[in-house]
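# Inside the fold
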Amino acid sequence: MSCIPKENDTAQSDPTSDDVHRKYEPIYSILDELEGNFDDYPDYKNNPDAKFTKAFKVGVLPEYAGKGLGTRLRHATTDLAKSKGFQFSVASASAPGSQRLYQKLKYEELAEIKYSDFVFKGSRPFAGITACPSIKLYIKKL
């Protein structure tokens, strides 16, 4: 289960790009705050020209869960990135399944933001999320 709104979850029946942007602004904001922690990661901070991949919204349909598809997908993308000279793989994980995936693949947890604590423009837009308590940033050296 993803904590990110589904594609068909629109602001209105015929949204303009401004409506969509406003609706997803809290998501962009929490991701920016979370991913900003990568800039302070010592191995990257000492080599700011290092190349890195970024993964988000990695998941499979429930009927395919537990079959190793997510693991194979991440292995394929990190293997390709490594062969192209990338030094890091960075991943934002917003759901329990993706968080378990990155832990299983030996990614280091770099940062976490609890949904109940995140404040955007004076409100807590994710306080009602119960499927998972937080969004996490993971990193792996390639």
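Right, let's walk through the structure included here.

Okay, the overall build of the protein next. What the protein contains, in helices and strands, is four helices and four strands. Of the regular secondary structure in the protein, the N- to C-terminal order runs α-α-β-α-β-α-β-β. Looking at the protein as a whole, 34% of its 142 residues are labelled buried. Look at the contacts in the protein between residues 6 or more apart in sequence, and 75% of them connect residues 24 or more apart.

With that settled, consider the sheet that holds strand β2 (residues 88-93). The strand order across the open sheet built from four strands is β1-β2-β4-β3, with neighbouring strands paired in mixed fashion. The outermost strands of the open sheet, each flanked by one partner alone, are β1 (52-55) and β3 (108-114). Averaged over all pairs of adjacent strands, the angle between strand axes in this sheet comes to 15°, irrespective of strand direction. Running at roughly 25° to strand β4 (residues 134-141), helix α4 (residues 96-104) makes contact with β1, β2 and β4 of the sheet.

Counting buried residues in β2 gives six out of six residues, a clear majority hidden from the surface. Note: β1 against β2, four bridges, orientation parallel. Note on β2: the bridge partner recorded for T53 is S89. Where the polypeptide runs from β1 across helix α3 (residues 69-83) and back to β2, its parallel neighbour, the crossover connection is right-handed.

Cut-off values and rules
- Residues numbered from 1 in each chain as written.
- Predicted model: local features only at pLDDT ≥ 70, side-chain atom pairs only at ≥ 80, totals over all residues.
- Heavy atoms only, no water.
- Helix = DSSP H or I, 4+ residues; strand = E, 2+ residues; numbered from the N terminus.
- Buried < 20%, exposed > 50% of the residue type's maximum accessible area, 1.4 Å probe, protein only.
- Contact = heavy atoms within 4.5 Å.
- Pairing = 2+ DSSP bridges.
- Axes fitted to C-alpha atoms, helices over the stretch in contact; angles between N-to-C directions.
- Right-handed = clockwise from strand over helix to strand, strands pointing away.

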